[in-house]
Amino acid sequence: MEKKSHFIKREFPQREVPAVLLLLLLVTILLLNGLLYLYLNNFYGSSGRADMDPSLCPFGYFKLGPMKNCSPWLSCEAINKEVRKLKCVGEGAVKKVFLSEWKENKVVLSQLTSAELQEDFLHGLKMLKALQNKHVVRLLGYCEQQFTILTEYHPLGSLRGLNETLHMPKYKGFNTWHRRFLLAIDYVSIIRFLHSSPLGTLVMCDSNDLDKVLSQYLLTSDFHILVNDLDALPLVNRSAGILVKCGHRELRGEFVAPEQHWPYGEEVPFDDDLMPPYDEKTDIWKIPEVSNFFLGHVEGSDIVRLHLFDIHAACKKEDPAERPSAQEVLDTYRKVLTLLIRETAMPGTREML
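Each value, and the rule that gives it
Residues numbered from 1 in each chain as written. Predicted model: local features only at pLDDT ≥ 70, side-chain atom pairs only at ≥ 80, totals over all residues. Heavy atoms only, no water. Helix = DSSP H or I, 4+ residues; strand = E, 2+ residues; numbered from the N terminus. Contact = heavy atoms within 4.5 Å. Areas by Shrake-Rupley, 256 points an atom, 1.4 Å probe, with all protein chains shown as cover. Buried < 20%, exposed > 50% of the residue type's maximum accessible area, 1.4 Å probe, protein only. Polar contact = N/O pair within 3.5 Å; in protein donor to acceptor, adjacent residues only side chain to side chain. Core = buried A, V, L, I, M, F, W, Y, C linked by side-chain atoms within 4.5 Å. pLDDT = per-residue confidence, 0-100. Patch = residues over 30% accessible without salt bridge, like charges linked within 9 Å, V, L, I, M, F, W, Y side chains within 5 Å. Salt bridge = Lys/Arg side-chain N within 4 Å of Asp/Glu carboxyl O. Expected span 1.5 Å × (residues − 1). Pairing = 2+ DSSP bridges. Axes fitted to C-alpha atoms, helices over the stretch in contact; angles between N-to-C directions. Disulfide = S-S within 2.5 Å. Phe/Tyr/Trp six-rings, centres within 6.5 Å; stacked < 30°, edge-to-face > 60°. Lys NZ or Arg CZ within 6 Å of the ring centre and 35° of its normal.

A separate point is the overall build of the protein chain. Each helix and strand counted, the protein chain has eleven helices and eleven strands in total. Contacts in the protein chain between residues at least 24 apart in sequence constitute 65% of all its contacts with a sequence separation of at least 6. Just so you have it, the protein chain exposes about 20,300 Å², and 55% of that area is on carbon and sulfur atoms.

Written as structure tokens, this is what we have:
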């Protein structure tokens, strides 16, 4: 009699995630999402970069340092009597800049360098007065008769020194992809503001190379960006057929947009009268290079660049009409920031679920 082989089928119970653990995981995710929402709401609303700052004074007034009340912009008489020059800290084509002191506050006094550039100087003053908000350096006073402007002092200086600042012991903790990306967002926010300013669509013409761009902006002590030099901000008005040209000389190099190049070849000498004008999309062309500088070469910066690849490719379209608006670039930057913060805050949660 044959013996039948008996195979015992063993069923291994599936491992189940305890309900309590699952509940804790879901609560953690909800809390992290809540914190992320609060952070981004604070970033977009109060810290970063809303156009209107509730701490700003009414037009024609300013508040500086520990001042509780707003003071009127300083007049010629007040500047001459109350402001003391300390030292020259810079000189450009239009202005000579002095670190100065007013009522124990460090301030910046800018004076015209050449009578031939009075028009540029007064245009910059006009822009500074009209565009006062969170994106623009604070105006403290001016004297048109003496071609003098008084503004707030920012000890970290222009963005030219960003990398040196980030290597200082005090600021090494800011040298991360996150902080650097926030600076890029600040920059694009300023471009978006200029393109939709109260005066209309303004083009940042002092931007023929990266170094020139960086010199136009200041780095604040709380690591935000302010536009400082507004001497070359021509107005675009498409409905009136008004376009711009940045200067009267031929522009070369890959940093400037293709439409800013002389279009008739080397055999035809440059003639400003024949040079076609253009619009604000020249600023969009330059965004990828400027952002690349901000991102630097820290851990995580290449991941940010990867996420920005498509929008930066769109910024480099040969046809200006096909490039995105500054608002579209800003929206994309913010979405990428949100995505990267969520991935950093909750790594692997999808696999856990």
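Once the structure has been displayed, the description carries forward.
So, on to the side chain of lysine 95. Mapped onto the elements of the fold, lysine 95 is located in strand E4 (residues 95-102). On the basis of relative accessibility, which here comes to 15%, the residue lysine 95 falls in the buried class. Here aspartate 231 takes part through its side chain, which lies 2.7 Å from a polar atom of the side chain of lysine 95. Residue contacts for lysine 95: discarding those within four places in its chain leaves Ser110, Gln111, Thr113, Phe121, Asp229 and Asp231.

Ranked by internal contacts, the top residues of the largest apolar core, which has 73 residues, are Leu131, Phe181, Tyr187, Tyr217, Phe294 and Tyr333. Here this core takes twelve residues from helix H5 (residues 177-195), the largest share from any one element. In contact with tyrosine 333, other than residues within four places in its own chain, are Phe181, Ala184, Ile185, Val188, Ile287, Ser291, Leu308, Ile311 and His312. By size, the runner-up hydrophobic cluster in this structure holds ten residues, among which are Val203, Val244, Val256 and Tyr278.

Before going further, it helps to examine the confidence of the model for the protein chain. The predicted model of the protein chain has a mean per-residue pLDDT of 88, with 82% of residues at 70 or higher. Here residues 349-353 scores under 50 on pLDDT; set against residues more than four positions off or in separate chains, the count is six contacts.

A surface patch of nonpolar side chains, about 250 Å² in accessible area, is lined by Tyr264, Val268 and Leu274. Looking at the element boundaries, tyrosine 264 is found in the loop between strand E11 (235-236) and helix H7 (281-295). By relative accessible area, which is 39% here, tyrosine 264 ends up partly exposed.

Moving on, we get to the pattern of salt bridges. Scanning all chains against the criterion turns up 14 salt bridges. As a salt-bridge pair, glutamate 280 and arginine 238 come within 2.7 Å of each other at their nearest N and O atoms. Note that glutamate 280 is positioned in the loop between E11 and H7 and arginine 238 in the loop between E11 and H7, a separation of 42 residues in sequence. Among the salt bridges present, the one from glutamate 259 reaches arginine 323, with a minimum N-O distance of 2.8 Å. Of this pair, glutamate 259 sits in the loop between E11 and H7 while arginine 323 sits in the loop between helix H9 (309-315) and helix H10 (326-345), placing them 64 residues apart in sequence. Accessibility expressed as a relative area gives 18% for glutamate 259, which makes it buried. On the basis of relative accessible area, arginine 323 is assigned to the buried category, the value being 3%.

Our focus in this paragraph is H5. Every α-helix winds through 3.6 residues per turn, so residues three or four apart in the chain are directed the same way. Across its 19 residues, H5 extends 27 Å between first and last C-alpha, which sits within 8% of the 27 Å expected from 1.5 Å per residue. With 17 of its 19 residues buried, H5 lies for the most part within the structure.

Looking now at the sheet that holds strand E3 (residues 83-91). Taken in spatial order, the five strands of this open sheet run E3-E4-E5-E7-E6, and their pairing is antiparallel. The sheet is open, and its two edges are formed by E3 and strand E6 (139-143), each paired on a single side. On average, each strand axis in the sheet is tilted by 25 degrees relative to the strand beside it, whichever way the strands run. The pairing of E6 with strand E7 (residues 148-152) spans four bridges and is classified as antiparallel. Bridge pairing links tyrosine 142 to isoleucine 149 in E7.

Turning our eyes to something else, we now look at the state of the cysteines. Summed over the entire model, instances satisfying the criterion amount to three disulfides. Cysteine 205 shares a disulfide with cysteine 246; S-S distance 1.9 Å. The disulfide joining cysteine 205 to cysteine 246 has a torsion of about -70 degrees about its S-S bond and is therefore left-handed. Taken together, the residues cysteine 205 in the loop between strand E8 (201-202) and helix H6 (210-215) and cysteine 246 in the loop between E11 and H7 connect sequence positions 41 residues apart. There is no split in this pair, since cysteine 205 and cysteine 246 are both buried. Looking at the protein chain, its bonded cysteines, counted consecutively from the start of the sequence, adopt the pairing 1-2, 3-4, 5-6.

We now examine the packing of aromatic side chains. As enumerated under the stated definition, the model contains 13 aromatic pairs in all. Taking 5.8 Å as the distance between ring centres and 55 degrees as the angle between the ring planes, the aromatic pair formed by tyrosine 171 and phenylalanine 174 counts as tilted. On the basis of relative accessibility, which here comes to 8%, the residue tyrosine 171 falls in the buried class. Taking the relative accessible area as the measure of exposure, phenylalanine 174 reaches 21% and is therefore partly exposed. By way of ring pairs, the aromatic residues Tyr187, Tyr217, Phe293 and Phe294 are connected into one cluster. Looking at lysine 85, its charged tip hangs above the ring of phenylalanine 98, at a distance of 4.1 Å from the centre.

It is worth spelling out the pairing of E3 at this point. Relative to E4, E3 runs antiparallel, the two sharing seven bridges. Each residue of the ladder has a partner; that of glutamate 91, found in E4, is lysine 96. Between E3 and E4, which pair antiparallel one after the other, the connecting turn spans three residues.

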